[in-house]
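Single-letter residue listing:
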Amino acid sequence: MRVGVVTFPGSLDDRDAARAVRVAGGEAVALWHGDADLRGVDAVVLPGGFSYGDYLRCGAIARFAPVMERVVDAARGGLPVLGICNGFQILCESHLLPGALIRNDHRKFVCRDQPLRVESAATAWTSGYAAGQEIVIPLKNGEGGYVADQRTLDELEGEGRVVVRYLGDNPNGSYRDIAGVANARGNVVGLMPHPEHAVEALTGPGTDGLGFFTSVLEGLVRA
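Residues numbered from 1 in each chain as written. Predicted model: local features only at pLDDT ≥ 70, side-chain atom pairs only at ≥ 80, totals over all residues. Heavy atoms only, no water.

S.K.: Got a minute to help me understand the environment of serine 94 in this structure?
M.R.: By the element assignment, serine 94 lies in the loop between α3 (86–93) and β5 (100–102). For the pair serine 94 and alanine 60, spaced 34 residues apart in sequence, the C-alpha to C-alpha distance is 8.3 Å. The residues touching serine 94, leaving out its near neighbours within four places in the chain, are Arg63, Met68, Val72 and Arg76. (Helix = DSSP H or I, 4+ residues; strand = E, 2+ residues; numbered from the N terminus. Contact = heavy atoms within 4.5 Å.)

Written as structure tokens, this is what we have:
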């Protein structure tokens, strides 16, 4: 299975995401922000970093990149898309996911191994986990506070679209401790923590993040 990893000017974790795809058993395909097509990939990862220098707002310029027109169309057609950190911000700016990410409530950059609870295993990217499973993956952001209006938050909770939730102290002020959400179809997922940094025991807190990548690959095989 071929998973595209998009590189924007300012992307930081595109190589890490590509490695995670390979560790999970997939073929990582490099996609450039100016690409006019997705090269026939079976899924897409929007990686972490500081796309276009985070000018205006995080992800606000990246949403207009040529490749994002294709990503948005494909996602609406069912293509699995994962947005990690800055990628989550881009998905919200592109209106593929609801809500927004704002500056951490304590106004400081946070970098730590973050305990999470998987709230939904009903997405393309989390089907390999069990609902309620607790995992630890790295978190690193300065503008990671997830916000949405009350109605949207209630809809996300009621429809089972909160994918992962922070455990312990809330690291950034995210409403309802939300660390990641999905669209209604479950093929688009965004989260602030970095599963690509937890796929090998040697270079992370463990391998708890690997399931995001094996989940989508196994789902594509079944399909």
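S.K.: Please explain the pairing of strand β3 (residues 43–46) as it appears in this structure.
M.R.: Looking along a regular strand, one sees the side chains alternate between the two faces of the sheet. Residue alternation in β3 divides its side chains into two sets, Ala43 and Val45 and Val44 and Leu46, and both sets are buried. Pairing geometry for strand β1 (residues 2–7) and β3, over three bridges, is parallel. The residue bridging valine 5 from the neighbouring strand is valine 45, located in β3. Inspection of the sheet shows β3 paired to strand β4 (residues 81–84) by three bridges, in the parallel sense. In the strand pairing of β4, valine 44 is matched with valine 81. Considered for its hand, the β-α-β crossover made up of β3, helix α2 (residues 66–76) and β4 is right-handed. (Buried < 20%, exposed > 50% of the residue type's maximum accessible area, 1.4 Å probe, protein only. Pairing = 2+ DSSP bridges. Right-handed = clockwise from strand over helix to strand, strands pointing away.)

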